[in-house]
Structure formats: C-alpha cells, structure tokens
Amino acid sequence: MREYWDVEVPGAADSTLLIAERVASYEEVYAHRDRMPVFEVPDGHDAASWLHHEVMAGLRRRLPAGVPDAYVERAEFEIGVITEKGFPAYFLITADLMAHAREVGIRVGPGRGSAAGSLVAYALGITNLDPIELGLLFERFLNPERVSMPDIDMDFDDRRRGEMIRYATDRYGADKVAQVITFGTIKTKAAIKDSARVHFGQPGYAIADRISKALPLPVAAKDIPLSGIVDPSHERYGEAAEVRALIESDADVATIFETARGLEGLVRNAGVHACAVIMSSQPLMESIPLWQRDDGSIITGWDYPSCEAIGLLKMDFLGLRNLTVIGDAIDNIKANRGEDIDLDTLPTTDPETYALLGRGESLGVFQLDGVAMRELLRRMGPTGFDDIIAVNALYRPGPMAMNTHNNYADRKNGRQAIEPIHRELAEPLRDILAETYGLVVYQEQIMQIAQRVAGYSMGRADVLRRAMGKKKKEVLEKEFEGFEAGMLERGFSPEAVRALWDTILPFAGYAFNKSHAAGYALVGFWTAYLKANYPAEYMAALLTSVGDNKDKSAVYLSECRRLGIRVLPPDVNESGPRFTAVGADIRFGMGAVRNVGAGVVDSVIRTRERTGKYTSFQDFLTRSELAVCHKRALESLIKAGAFDSLGASRLGLLRVHEEAVDAVVPLKRREAMGQFDLFGVDGPAEESSPLAHLRVDAGEFDRKQLLAHERQMLGLYVSAHPLDGAEAQLRRHAPKPIAGLLADPPREGEVVVAGLVTSVDRRVNKKGEPWAICTVEDMDASLEVLFFPKSYALFGAWLVEDEAVVVTGRVNWREERMSVFGAAVTSLELSAAPEEPFVLRVAADGLDQDVVTELRRTLLAHRGDTPVRLRLVAGTRERLYALDDYPVRVGSGLLGELKGIPGVAADGYSVAAADAGRPG
C-alpha cells in the first residue's frame, strides 16, 4: 500500500497513520451515562423530592373532596420506581411542557400509549385519565423488574406543534435540544427501477414497470422484499410465482433483479422524524454528530435508538389533527352560541353521545368513523365509557379474526351466554373479566390473571405478556413451566391450567393495551359528544380540517345534508377564513375559494369588523382596501356566491366587476399615497363614489351553470348537487355509493359505479391510439376510471363532462391507490319524473313572510321535475295547494334544508292518499 500511495500522494501513508494515532477512544462517548436534561427545582429540593411534592399537590387538585389512601399508596409506589430508575426529571419536564401548552391555549390530548396507566402522570396533568378508576396498570408503562426508558407521547393541536418544540428549545437550551434524523432506505420497487435505469437507461423503465406489475400486492403498504421472492421459507413466497417466472425466462429481468437485491435496504436520503425530539443535560455537540439544515433547524446525526443508548432523552411531540378539530369546534360554539365548553371536566355519561354511537352515526368521530366500525357500534349499542374503550381495542385484525368483537357485542346484549374459561376459574377471574363479558381483550387482563392465579408480581406478569406476544416456542415453554407451577401451587388442576393457557396464549398476540385504548376512547367520546350536541359547530370544524381533501370534504358535506345542516356558500358578511357555524347552518370559509388569498380574506374581515357589514357590491368595493380590488379574486368570490346576500345576481356582477374595479382602483391608489380630491363633492359618499352609477343586471345563470361555477371555485358542489334526488336511481344501477366502495375497497374483481363524469383527460399512447382518464363522482366521493384504447374506442362518446353514467370496470391498485379500468359505459337518464308529487305539510299559524320567502328560495334551489303540493294545516282543517311553478328534485339536500324551516315538513302521503284522508 505504501509503495502505491507514496508514488501517488507522497507522505499520504505516514499522515494517515499519524492521524489515526491521534484519534482517542470513543468508549466514553458510547458508554451509557445519565444525560437526562436538568429540571430546575426550588431551593431545598432535588428532582425526586420536588416530584413527590408536585404529585401530592396534583392529587389534591384532582380529588378536592379528599385523597383516598389507595391513591396515596399507588402514588408512593410509582414515585419509588421512577426515582430508583432515575427518571424524576423526565416527568417534571413532561409536566412542564403540558402545563405550558394549556397556559398558552394549545389543546393537548388526554394521553396515549401505556403512560395513561400512571397515577403520577395523571396527578401532574400529563394525562387526563384516572388509572385507578379505569383499572389501568403502572407496570404496563414502567416495569420495575425490567430496564426500560419511559415513553410518554404528547399530543398537541396539529397547527401549533411547532410552538411546543420552540418552547422546549428556549426553555432547556438550543444547544441541548434537537429534532431527530431519519434515514430513507431503498425499497423493493425503487431498487428495481434504479437497477433497470443503470443497466439499460431509458428502455429499462419499461422492464422495471413490467416487473413491478408482476409483484404481489402490497400488504399494509409494504411490498414483498426481493429476498422473499426467491426464499421458499418466506410467508409470501407463494404469491411471487409470476415474478419468478419473469426472472427465469428473461435474462434482462434476471440482471435487474440481482442488482436490485444489492441495492435494497441501502440508505438513500436523510429526513426529519415526524415527532421525536432529543434532549440532553449537556450540549449535544459533545455527545453526537449534528446536522444543520438549510432552514436553520438542528437535527441529530444519529437515529433515536442510538441517542437513547448513550443516555439521551427522546420525547415525542405529536400533532393530532383531531385536537385541532376539537379546538375549532369549541371556538365555533363560543362564537355561535356563547357557551364555554371544558372537555377536561366533562363527565363521560352524556346520553345523547351514546345514542349517536348506538345509531352508528359516528362518521367523523375519532377512531369510530369507518363503515365496519359503525356496523359494530350498531350491533353493540354502547351505553358507557367502558364500551368505547372496548370497541377501540376490539376493532383490530386479531380480535376480528377470532370474532371477539361480535362476541362482545352479543354477550353485552344477552344474545350470547357468558361462559367461564374453566369452572375452577369462574370465581377467581370473575372481577377481572366482568367488564369484557368473560372475554380476554386487554393486555392488562393477562397481567392481572397471571398475578391472581399464578402468584406473579405485576412486573413479572408484564414479562410474561411480552413473551406470549412474541410467540417464540422455546421462550413460551419456559414461561409455561413457571405459570403452571404457580397455578398448581394454588390448588388448580392441570386441566384448568391448560384451559387457561390455551385461552390466553392466542389472545396475547393481539390483546390491546387498555391504557392506549382508554386514551383514544376519551378523544373519541369528546368528538362524539360535540357531534351529538353541537352538530353544526363540530361539522364546520371537521370540514375545515379536510379542506385540502376533496373526497373527504364531499363525504362530510353529505353527512351535513343527512343531519339537516345546510352548508351555505361563502359570504362576505358572514364568512371567516374557514368554515364557521351560523345558527344551525354552516357557512363556507372565504379562504377555501380558489384564487382568493389569505391577505384578501383578512382584509375583507378587517374592514367588515371595523366599519360594519357591507350593504351592496358598490359599498363593498368603496370601503375595501386596495388589495381586495383584484379582478380575479372578485370573479372567484362572485362565482362562489359570496355576494348573494347583497341582492345582486352572479351573472350581473360578473358582467360589471371589471369595469367597477377599473373605476375604484385609481382612487384607492391616490388615497394610499395620501392624495385626495380637493374639489370633491360634499354630498353623500354613495353619490360621490365612482361607482354611483354602476348598474347590475337582474338576469341569472341557470341552476346547472351556477353549480358548475361553485364547483370550479370551491372544488365541490355546495348549495345543491346535480344528482340531488337521483340517489335511488344510482343505487338501482350501482349497489354501493363511491364513498362506500372506497371505505371498504375490494382488492380485485369487477365493480359498478354510477355518477357524473366531472373531468376527462384525453391522451394518446405511443402507438397513436387515444385513451382517457376520467373522474366519476356521485353525491359523496369520486373515483378515477381509466379507459384504454379498446374500451375508449367503444365508449369514448359517452365520456362527456357533467354526463350521468354507469361504469363497469375492473379494480386496479397502484401504490395503494385504487382506480378502475373501465370496460363499459351506459348513459344514465335522470330526468324521468316520479309518479307521485312531493307533498309539504305547513302549519298555518306559523306561516309568515320569512317562512314563505325561505320556502320559495329552497324550492327554487332544488328545481327539478317532481311536482309539489302544499298541505296547509289550521287546527283540524287542511287544504291542499298545487305549487305548479316550483317543481323540485327530491333528495337529501332538499329534505335537509326543509328541516331547517320552522313549521314545514315533508309529508309521507301521496296526493291520492292525501285527498282520501282530507276532511270533507
């Protein structure tokens, strides 16, 4: 080596050796030391004594009527374990972070993970769940018989998570806090594509695509590893026959595959962990490498397990979207109703909440909004908080595969008998399994069973739980010996031992952490409570949270219609930046309008709050700041309906808005420069305004064009939907709505969807053959449908925007996204009028001008082909009137709006039945 390098670089070998000899040992760096960040405590205390003081004070706050001895005993035990393991500062720091968040109005979660089992965490305000009341175990969180770091995940309002990281950095030292690095590795498909590109250049992409399409479908968003394709022992080996056939029959594929195997798993890039933060008692530069990103943020050079291994503290700052929704809903309630809601002190006994869950109306409720979950809730009929905890634990692949979720529901409602595991165990396990109707559902139950019947300590029982969950044969055999000995010693028969072991062993693999289920259940209860009791305010917050997701927005808008909540277009006099509740309705936010920036919205609201509501379009332009007088933004607001309340038609405003802007902008520019007209008229502002003579035509777009403009500006239909009233027809042709198909998607096979063609992207392939990518949308969601040349040649003529169609096709999955390969298209005629008119029942004593105006507006908004009859009821007398000028399209949108008009209801009788029943 010297001979080679001394010629190439004289002295290189000597210099390298000199540097190597000067490198000191890293044993001290890699050795585990207590690098836990320091929490400053008052004089006369250390971290342990101050922790004790704070916990006891916290218990007195939590239990003002007196702290029971059981709580003091449990707290002393937990403090002892925490102190012995050297973690007092960890709990004090975490409590400080949560207290700061509450102090500055950042909404925090009630706790997640096993930390909810700690009474110390509850007393310090880290969690909001009483572990003694709920039967949660501290040893599941921090095992006194096993060396492990505590792990408390902190949930914050998603929009303000960054503030908490900044607070931690400022409070504990910018040089002692850093976010955590992550390493992106090359996965299966990326390895194939990289290998193909290197070997064959541009032509390699086609080969890589052929290999990727032959791969088995991803499971839980993960592809089969390349090694698993050729390893007969791999669990998915049998699914990869098609890929193996390609490798064996095509030399180019084999070359790509072998190179890809060497690439798979290599680090490709560095990123930032979604939530982890590392904290230390000393500058991190002295312990680990650091990386400063272009934005100035400091990131660790090691991943977090390596940081923890040398004694650094890892904390998780999680942003939870549902906390943002909850916070917005509470703000909406305060603004709309003047009520203050404190969820931290809210009892979990509200009957309206459990009624909503029992009806399965939990769309938009945290963890409880899936289609199958709603079915389970209807079957279960929750009546208490324990049921919400259970359903969070049961709705998992393991319990569902064993039918435990249905067994729980049936046993709760008396449809299935509760059987003991063994007659000898009926009494010893009665109180442990009573809450779950004799079923093992939670990990904590396994620990309690081991303690009760085999004499285990809770720490030893947690070791048993972990071993059972891993299912290693040799470990399980050893654990069974101790378990069996403990039970036999306590007088149980070998049959009882075996029956219990065989029961809990399969459950241990999927039994859920009750502490985690309880934390999620409380957030779920909060969201269900808000939806049940404050539906408009909650749905407004929910719509705001999914504003950038068109499919989710459409689903929640449909839910609003089902609940009878009208979602109104944006309005310059009522809208904020986001969705807001206005009485029993929801008003679209101006910030959601296309081409309207945050600056324009803020300016509109600022002027409105300072000088009062706008009275006309001319008044709006006259009073608005220069930034608002922007032709494109105004056009978008007009098309979205933001000026409807000012009495001018959208068509009329679109015809004059450019002229109006040209008239006012020069004046506003002069005003901004401090120049005013010295010879201005002293008369009213309206008369001296350059818009004084602006005239707006009364003509209006037809309904179809109005809705098209709304969809163009807002991304979806708001005031109505072209398919209103056609739901029954759609279901006759397609058994499932698109939202239902997406909620429970098939992995393969044929599907039928019905709806409107809302976009058509026509393309040409390399052979010059035309094909198209279409979007088909129904009331709630949309789906991408691809028509390749053969099917496009047959059905391309039907692929027209706003055309109602029925599409038959084959399910296709690509990168975990479902689409459909269209095979057939049928045009759907939605204009056929039903045989029976639509009958409205109206109370005569409540019929005033406001009701008539609102009813007329509603009927016009849902114009269709169904004739309308109005039954006027005055005491015992009724009269039927034909409203021939107001035919409607009957649908959930119309029915929902009618519910909001006092004294008006849709009558279930046909006209013939009404005539027959009318008093003579």
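Calculation criteria
- Residue indices follow the written sequence of each chain, beginning from 1 at its first position.
- Reporting in this predicted model follows two pLDDT cut-offs: at least 70 for local features of residues, and 80 or more for side-chain atom pairs to be given and counted; totals over whole chains, interfaces and linings ignore these cut-offs and use all residues.
- Excluding hydrogens and water, the side-chain values take into account all heavy atoms of the structure.
- Put simply, DSSP marks the helices as runs of H or I at least four residues long and the strands as runs of E at least two long, and each gets a number from the N terminus on.
- Under the scheme applied here, a residue whose accessible area is under 20% of the maximum for its type counts as buried, over 50% as exposed, and between as partly exposed, the area being computed with a 1.4 Å probe on protein chains only.
- The contact criterion used throughout is that any non-hydrogen atoms of two residues lie within 4.5 Å.
- Using a 1.4 Å probe, the Shrake-Rupley method yields the accessible areas, and only the shown protein chains count as cover for residues.
- Counted as positive: Lys and Arg. Counted as negative: Asp and Glu, with His and the chain ends omitted from the count.
- Working definition for charges: the position is that of NZ of Lys, CZ of Arg, CG of Asp or CD of Glu.
- A pairing counts as a salt bridge when a side-chain nitrogen of Lys or Arg comes within 4 Å of a carboxyl oxygen of Asp or Glu.
- Polar contact criterion, stated in full: a pair of N or O atoms within 3.5 Å, where within protein one must be able to donate a hydrogen and the other to accept it, and residues adjacent in sequence count only if both atoms are side-chain atoms.
- At least two DSSP bridges between two strands are needed for those strands to be called paired.
- Between N-to-C directions, angles cover 0 to 180 degrees, with each direction set by a line fitted to C-alpha atoms, over the stretch in contact for helices.
- Definition used in this section: a nonpolar core is a set of buried Ala, Val, Leu, Ile, Met, Phe, Trp, Tyr and Cys residues joined via side-chain atoms within 4.5 Å.
- For Phe, Tyr and Trp, where Trp contributes only its six-membered ring, two rings pair if their centres lie within 6.5 Å, and the inter-plane angle classes them as stacked under 30 degrees, edge-to-face over 60, or tilted in between.
- Note on geometry: a ring has a charge over it if NZ (lysine) or CZ (arginine) is within 6 Å of the ring centre and within 35 degrees of the ring normal.
- Residues qualify for a patch when their relative accessible area is over 30% and they have no salt bridge, like charges being joined within 9 Å and the nonpolar side chains of Val, Leu, Ile, Met, Phe, Trp and Tyr within 5 Å.

Novice: Just checking my understanding: could you explain the overall build of the protein chain for this structure?
Specialist: The helix and strand inventory of the protein chain stands at 41 helices and 18 strands. In terms of its C-alpha atoms, the protein chain occupies a principal-axis envelope of roughly 90 × 85 × 75 Å. Sorting the 920 residues of the protein chain into buried and exposed places 49% on the buried side. Of the contacts formed within the protein chain by residues at least 6 apart in sequence, a portion of 68% connects residues at least 24 apart. As displayed, the protein chain has an accessible area near 43,800 Å², and 52% of this comes from carbon and sulfur atoms. Computed over 107 positive and 133 negative side-chain charges, the separation of the two mean positions in the protein chain equals 3 Å.

Novice: Could you clarify how one ought to interpret the side chain of Asp-571 in this entry?
Specialist: In this structure, Asp-571 sits in the loop between strand 7 (567-568) and strand 8 (580-582). Put simply, Asp-571 is tucked away with no salt bridge, and the nearest opposite charge, on Arg-587, sits 4.4 Å away. In this structure the side chain of Asp-571 is engaged in a polar contact, spanning 2.6 Å, whose partner is the backbone nitrogen of Asn-573. There is a polar contact of 2.6 Å between the side chain of Asp-571 and the side chain of Ser-645.

Novice: It is not clear to me how the sheet that holds strand 8 should be interpreted in this structure. Could you clarify?
Specialist: Two modes of strand pairing occur in sheets, parallel and antiparallel, and in both the strands are linked by backbone hydrogen bonds. The sheet built from three strands is open, its strands ordered 7-9-8 with mixed pairing. Since the sheet does not close on itself, it has two edges, and those belong to strand 7 and strand 8, each with one partner. Note that strand 7 and strand 9 (residues 585-587) share two bridges and pair parallel. Its bridge partner being in strand 9, Leu-568 is matched across the sheet by Arg-587. Helix 28 (residues 535-545) rests against strand 8 and strand 9 of the sheet, and its axis sits at about 30 degrees to strand 9.

Novice: Honestly, the nonpolar core in this entry has me stumped. Any pointers?
Specialist: Most often, soluble globular proteins have nonpolar side chains that are buried together. One finds Phe-385, Val-572, Ile-586, Phe-620 and Phe-643 to be the most contacted residues of the largest nonpolar core, which totals 128 residues. In terms of residues, this core owes the most to one element, helix 27 (residues 514-533), which gives 11 residues. Those residues within four positions of Phe-643 in sequence are excluded, and the remaining contacts are Val-572, Phe-617, Phe-620, Leu-634, Leu-637, Ile-638, Ala-648 and Leu-653. One finds Val-55, Met-164, Ala-168 and Phe-317 within the second-largest nonpolar core, a separate group that totals 50 residues.

Novice: Which parts of the structure should I look at to understand the packing of aromatic side chains?
Specialist: Counting across every chain of the model gives 21 aromatic pairs. Their ring planes at 25 degrees and their centres at 5.6 Å tell us that Trp-771 and Phe-788 sit as a pair that is stacked. Separated by 17 residues along the polypeptide, Trp-771 in strand 11 (residues 770-777) and Phe-788 in the loop between strand 12 (782-787) and helix 38 (789-795) bring together distant segments of the chain. On the accessibility criterion, Phe-788 (33% relative accessible area) is partly exposed. Joined through ring pairs, the aromatic side chains of Phe-77, Tyr-90, Phe-91, Phe-138 and Phe-141 make up one cluster. Note that Lys-314 overlies the ring of Tyr-304, its terminal NZ or CZ placed 4.6 Å from the centroid. One Lys or Arg, Arg-498, reaches over the ring of Phe-480 and ends 4.5 Å from the middle of that ring.

Novice: Explain the sheet that holds strand 13 (residues 804-814) to me, please; I cannot follow it from the model alone.
Specialist: Strands sit in the order 10-11-12-14-13 around a closed barrel of five strands; the barrel is mixed. Averaged over all adjacent pairs, the angle separating strand axes in this sheet is 50 degrees, with direction ignored. Pairing of strand 10 (residues 750-764) with strand 13 involves seven bridges; the strand directions are antiparallel. Its bridge partner lying in strand 13, Ala-754 is registered against Val-806.

Novice: Would you mind showing me how to read the pattern of salt bridges here?
Specialist: Applying the stated criterion across every chain, the model contains 47 salt bridges. Ionic pairing is found between Arg-112 and Asp-155, a salt bridge with its closest N-O pair at 2.9 Å. Here the residue Arg-112 occupies a position in the loop between helix 6 (88-103) and helix 7 (119-123), and Asp-155 occupies one in strand 1 (residues 153-157), the gap between them amounting to 43 residues. Like Arg-112, the residue Asp-155 is buried in the burial classification. A salt bridge links Arg-857 to Glu-854; its shortest N-O distance comes to 3.3 Å. A residue pair is termed a helical-turn pair when its members lie 3 or 4 positions apart in one helix, as Arg-857 and Glu-854 do in helix 39 (residues 849-861) at three residues. What makes Glu-854 partly exposed here is its relative accessible area of 22%.

Novice: Could you clarify how one ought to interpret a nonpolar patch on the surface in this entry?
Specialist: Together, Met-1, Tyr-4, Trp-5 and Val-9 give the surface a local cluster of nonpolar side chains, amounting to about 500 Å² of exposed area. Turning to its location among the elements, Met-1 is positioned in the segment before helix 1 (2-8). Here Met-1 falls in the exposed class, since its relative accessible area comes to 81%.

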